[in-house]
Amino acid sequence: MKQAIRRFGKQLRKGGVGLFYFAGHGIQVKGSNYLIPIGAEIETEPDVEYEAVDAGRVLAQMEDAGNSLNVIILDACRDNPFGRSFRTGNRGLAKMDAPTGSILSYATAPGSVASDGPGRNGLYTSALLKHMSTPGLEIGKLFRQVRIDVLSSSGEKQVPWEASSLTGDFYFNTQRGIAVASKQPVTRHSKKITNSLGMEFVYIPPGTFMMGSAISPSAVEKRYGGKAIWYKDEHPQHRVALTNGFYMQATEVTQGQWKAVMGSNPSRFKGNDLPVERVSWVNAQEFIRKLNQREGGDKYRLPTEAEWEYACRAGSTAPFYFGSDKSRLGEYAWYWNNSGQKTHATAQKKPNAWGLYDMQGNVYEWCQDWYGDYPSGSVTDHKGPSGGSNRVKRGGSWLNLPGLVRSANRFGYDPALRPVSLGFRLLRAN
């Protein structure tokens, strides 16, 4: 079963919709959920890790694949068949979060158990099969209908439950196979504007995300290189709500764009399509002032750190905006392993799901904020501390290891300095 899940993950990388369905025994051990395959030889609790499959493995394969949409259905919330020999007594499955672009459905609520039902299938699967054949029934409405049926059949003892991070519509229809609505659930490149310099800006909708790293500094060091101390300020991870949409420049500011406004080129690596570098935060503010004056109004600025990470992730919760597999980083970013120790023309690598290029690698990017510790709780429209000595830089560069080009990585830097690895991109107010 583990080998089948690995093959499943590889197949998903080719694109399309991922569907994982499991019916049978599922148990919770020490807060983790395990799916019990046929033939598993489990006598004691320690056997579970080796004989069963961690449900998190399935979610990780789907998230790492970077495909547009995934559906995970677990009719596995049964009483632990090995309960008498186990130290822990948790019933049902533990709560899990759905990876971005996914919906995760349980036969019953976390911590509860599901009924097998009188027929071949349990109450949940019977209701699911009934409604999957309904043409034009959107998946959210489908699961609501399933919940109504199961509540009725179980005398309100079993309550199906979902976790969803879908951003588009999805339909099942057995006569036509699987149909995804024309509106793509994750990849949205449609709303763009271009200014007088030819700078392209992509609309970023308002929303909520988890800012910061979900894994410890030592885990980052082990998986992606560098030193754990470099990653300590990525914590605590916290929820951020951005209430206003905005336009983010699709690429870093190029040398050609800089020269059109400033009349000179400070960069070490020369080329009109290369990102401008060797510009301080103060220099970037002067560029913005002149561009606003040139176009009229006050619509251009640097993004806040929260706006930057939200736009970079584009819905992803993984270390990189395409997933967690560092072997794929070269498809999306210029970094130490592939840069040849220099910058490269913008928009040569794959963009993220919102159509933004080089958010990871090529050059670091200045943010508007002063640098400081993260808040411990949820925040709305976060703008960093009110003062400080360093400004935020984000995204990593051509001279960095994978750990430093992750979406969560952050540093503070003297706003007057002009290194060869640091540039910026603009935000345009909506």
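## Observations regarding the sheet that holds strand β19 (residues 410–413)
Spatial ordering of the open sheet is given by β19-β18-β16-β20, a layout of four strands whose pairing is mixed. On the outer flanks of this sheet lie β19 and β20 (422–423), each paired with one strand and no other. Inspection of the sheet shows strand β16 (residues 364–370) paired to β20 by two bridges, in the parallel sense. Note on β20: the bridge partner recorded for Tyr364 is Leu422.

## Describing the side chain of Ser213
Examined against the element boundaries, Ser213 turns out to sit in the loop between β12 (207–211) and α6 (217–224). A polar contact of 2.8 Å, which involves the side chain of Ser213, links it to the backbone oxygen of Ile215. Non-local contacts of Ser213, meaning those with residues more than four positions away in its chain, are made with Val220, Glu234, His235, Gln237, Arg406 and Ala408.

## A few points about helix α9 (residues 305–313)
Across the nine residues of α9, nine count as buried, placing the element largely inside the fold. Looking at α9, one finds that the buried residues are Glu305, Ala306, Glu307, Trp308, Glu309, Tyr310, Ala311, Cys312 and Arg313. Just beyond α9, the residue with positive phi is Ala314, at close to 50 degrees.

## As for the nonpolar core
Within the largest apolar cluster, 61 residues are counted, with the highest numbers of intra-cluster contacts made by Ile204, Phe287, Phe424 and Leu426. Setting aside anything within four residues of it in sequence, one finds Leu426 in contact with Met199, Phe201, Tyr247, Met248, Gln249, Val253, Phe287, Ile288, Leu291, Tyr300 and Arg301.

## Here we look at unusual backbone geometry
Across residues other than glycine, the phi torsion is negative in most instances, and most of the peptide bonds are trans. A cis amide bond links His235 with the next residue in sequence, Pro236, at an omega value of 0 degrees. Positionally, Pro236 belongs in the loop between α6 and β13 (238–242).

## A closer look at the confidence of the model for the chain
Caution applies to low-pLDDT regions: their predicted coordinates should not be interpreted in detail. Averaged over every residue, the pLDDT of the chain is 86; residues scoring 70 or more account for 88%. Contacts of residues 174–190 to residues separated by more than four positions or lying in other chains number 37 contacts, the stretch itself having pLDDT below 50.

## A look at the environment of Val48
Secondary-structure assignment places Val48 in helix α2 (residues 48–51). Through-space distance from the C-alpha of Val48 to that of Gln28 is 9.7 Å; in sequence the pair is 20 residues apart.

## So, the packing of helix α1 (residues 2–12) against helix α3 (residues 55–65)
For the pair α1 and α3, interaxial distance at closest approach is 8 Å and the crossing angle is 20 degrees. Overall, the two elements α1 and α3 adopt an arrangement that is roughly parallel. Crossing of α1 against α3: the hand is right-handed. Contact with α1, carried on its side by Lys2, Ile5, Arg6, Phe8, Gly9 and Leu12, involves Arg57, Val58, Gln61, Met62 and Ala65 of α3 and no other residues of that element. Counted by class, the contact of α1 with α3 contains six nonpolar, two polar and three charged residues.

## Regarding the environment of Pro415
Positionally, Pro415 belongs in the loop between β19 and β20. Relative accessible area serves as the criterion here: at 12%, Pro415 is assigned to the buried category. If we skip the residues at most four places from it in the chain, Pro415 touches Ser280, Trp281, Val282, Trp366, Ser389, Asn390 and Arg391.

## As for the packing of aromatic side chains
In this description, an aromatic ring pair is defined by two values, namely the gap between the centres and the angle between the planes. Summed over all chains, the structure comprises 18 aromatic pairs. Put simply, the rings of Tyr224, Phe320, Tyr321, Phe322 and Tyr332 touch in pairs and so form one group of aromatic residues. The ring of Trp334 is capped by Lys349, whose NZ or CZ atom sits 4.1 Å from the centre of that ring. If you follow Arg406 out to its NZ or CZ, it ends over the ring of Tyr231, 4.9 Å from the centre.

## A look at α3
Because the α-helix completes a turn every 3.6 residues, residues three or four places apart line up on one side. All of the buried residues in α3 are Ala55, Val58, Leu59, Gln61, Met62, Asp64 and Ala65. Those residues of α3 that are buried are in contact with α1, β1 (17–23), β3 (32–35), β4 (53–54) and β5 (69–75). Two or three places before Gly56, at the opening of α3, Asp54 has a side-chain oxygen 2.8 Å from that residue's backbone nitrogen. Gly66, located one to two residues past α3, shows a positive phi value of around 70 degrees.

Cut-offs applied
- Residues numbered from 1 in each chain as written.
- Predicted model: local features only at pLDDT ≥ 70, side-chain atom pairs only at ≥ 80, totals over all residues.
- Heavy atoms only, no water.
- Pairing = 2+ DSSP bridges.
- Helix = DSSP H or I, 4+ residues; strand = E, 2+ residues; numbered from the N terminus.
- Polar contact = N/O pair within 3.5 Å; in protein donor to acceptor, adjacent residues only side chain to side chain.
- Contact = heavy atoms within 4.5 Å.
- Buried < 20%, exposed > 50% of the residue type's maximum accessible area, 1.4 Å probe, protein only.
- Core = buried A, V, L, I, M, F, W, Y, C linked by side-chain atoms within 4.5 Å.
- pLDDT = per-residue confidence, 0-100.
- Axes fitted to C-alpha atoms, helices over the stretch in contact; angles between N-to-C directions.
- Parallel < 35°, antiparallel > 145°, perpendicular 65-115°, else oblique.
- Left-handed = near helix turned anticlockwise from the far one by under 90°.
- Nonpolar A, V, L, I, M, F, W, Y, C, P; charged D, E, K, R; others polar.
- Phe/Tyr/Trp six-rings, centres within 6.5 Å; stacked < 30°, edge-to-face > 60°.
- Lys NZ or Arg CZ within 6 Å of the ring centre and 35° of its normal.

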